[in-house]
Amino acid sequence: MSPSGPGEAVRRAAATVTAAVDALTGGSAEHAKGAEHAEQAEHAEHAEHAEHPATTGYGTPATDACSVQWDQDGTSAYGTAASARFFVVVEQPGPWGRDAVRESHLDRELGAELDARTSRAGGRFMLVRRPGGHPAHDGPRRVLVAHAGAKPEDAWLLTAEVDDVGDLLGLDWGALARGSRALVQASLLGSQPGEPALLVCTNGRRDVCCAVRGRPLAAHAARVAPGRAWEVSHTGGHRFAPTAVLLPWGQTLARLDHRASEWVLAASETGHLPAELLGPLHDRGRSGVPGPSQCAESHVRAETGETRLAALWADLPEEIDGGWQVIVTHTDGRRWRVRVTREPVGRTRPESCGKKAIEVLEHRASILEAWF
């Protein structure tokens, strides 16, 4: 810890992030110069994440930051996970721009091509880096390939190290879309089954809340479970920062803090979610199904207190008057018919810092019928 204490460390972290954002978006020359110097110092430091000033303590955002406003409102996070049947995740050290895939030290054309191939097959391509200082360097990169699937029982995660990120162009994209682990593993040389991984959004060039609140959280999680926690380029949902995705299930979480990250990492070792994070404040949904199905599944999970990720799954939504109908099934044979709507809550808020406030909508669920 810095001799000046955690409060000073947090202020230094916030100042570094603000300078970087100003430099990217055309801020003052003084701020741009400060951002450059901060990046140079960070690259030179080579410190472990436990000691880096930008990851000491829990970040304090501005009082009018988007995530602070949404925290105060307690708006439901149900049904807000970005939809993706699978994930291709590449370690990319160094700075990230707003569009990290195309604005980092990863070759721009290669990043764009991998992003396009992943999206066409129904997945999501993201960059990660180890929490702490972000010196840019060459060398082998860690790769995580995860299939979330329509049912969480089908989820799996492979990890590998690659010397050339271009090798990922040889992935069996059709097998990834279908969830065939054996074929994907055959196309990713050296890959092995991996432990559950927590990806914490920290990209301040996209939204400052994610850096100020996410970077200290990612560093704490990495100290708790080395090798299982990463900074990630974008999860969506800045308004719910700190937000994270739990692989392989694509379970997306909102409003995390240090204790919550510990609970998630511990529970996920046995395929569970922590009971403390069930409900609309923290559960954004599982990425393998659309928003209304995410909401229905999360609602039943909270109502029943079911923490096993593989125990519940939601079918695709069926449109009905004013909303959707979703069937949720439990492995023990129980089923629920859930009505889901998306309704205004009567206020406006920015979905990202610096953006214009828009009408707030939230998914709401009610159980219409249950079979036991």
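Remember, it's a predicted structure, so these values are computed and weren't measured experimentally. (Residues numbered from 1 in each chain as written. Predicted model: local features only at pLDDT ≥ 70, side-chain atom pairs only at ≥ 80, totals over all residues. Heavy atoms only, no water.)

Quick notes on the overall build of the chain
Along the chain, the regular secondary structure elements total nine helices and 15 strands. When the 372 residues of the chain are sorted by exposure, 54% land in the buried category. Of the accessible surface of the chain, which amounts to about 15400 Å², a share of 48% is contributed by carbon and sulfur atoms. (Helix = DSSP H or I, 4+ residues; strand = E, 2+ residues; numbered from the N terminus. Buried < 20%, exposed > 50% of the residue type's maximum accessible area, 1.4 Å probe, protein only. Areas by Shrake-Rupley, 256 points an atom, 1.4 Å probe, with all protein chains shown as cover.)

So, the packing of aromatic side chains
In this structure the tally under the stated criterion is two aromatic pairs. Ring centres 6.3 Å apart and planes at 90° place the aromatic pair Trp336 and Phe372 in the edge-to-face group. Placement of Trp336 in strand β14 (residues 335–349) and of Phe372 in the segment after β15 (358–371) is noted, with a sequence separation of 36 residues between them. For Trp336, a relative accessible area of 4% gives the class buried. It is Arg129 that lies over the ring of Trp96; its NZ or CZ is 3.7 Å from the centre. (Phe/Tyr/Trp six-rings, centres within 6.5 Å; stacked < 30°, edge-to-face > 60°. Lys NZ or Arg CZ within 6 Å of the ring centre and 35° of its normal.)

Brief notes about the sheet that holds strand β8 (residues 244–247)
If you trace the 10 strands from one edge of the open sheet to the other, you get β5-β4-β3-β1-β2-β7-β6-β8-β9-β10, paired in mixed fashion. On the outer flanks of this sheet lie β5 (192–193) and β10 (283–286), each paired with one strand and no other. The sheet strands contacting helix α4 (residues 108–120) are β1 (86–91) and β2 (123–129), and the helix crosses β2 at an angle near 140°. Along the sheet, helix α8 (residues 258–268) contacts β6 (197–201), β8 and β9 (251–253); its crossing angle with β6, the most-contacted strand, is approximately 155°. (Pairing = 2+ DSSP bridges. Contact = heavy atoms within 4.5 Å. Axes fitted to C-alpha atoms, helices over the stretch in contact; angles between N-to-C directions.)

Some words on the packing of helix α7 (residues 208–224) against α8
In the contact formed by α7 and α8, the axes pass within 9 Å of each other and the chain directions differ by 40°. When the axis of α7 is compared with that of α8, the two are oblique. α7 and α8 meet at a crossing whose hand is right-handed. Of α8, the residues touching α7 (which contributes Pro216, Leu217, His220, Ala221 and Val224) are His258, Ser261, Glu262 and Leu265. The residue inventory of the contact of α7 with α8, partitioned by class, reads five nonpolar, three polar and one charged. (Parallel < 35°, antiparallel > 145°, perpendicular 65-115°, else oblique. Left-handed = near helix turned anticlockwise from the far one by under 90°. Nonpolar A, V, L, I, M, F, W, Y, C, P; charged D, E, K, R; others polar.)

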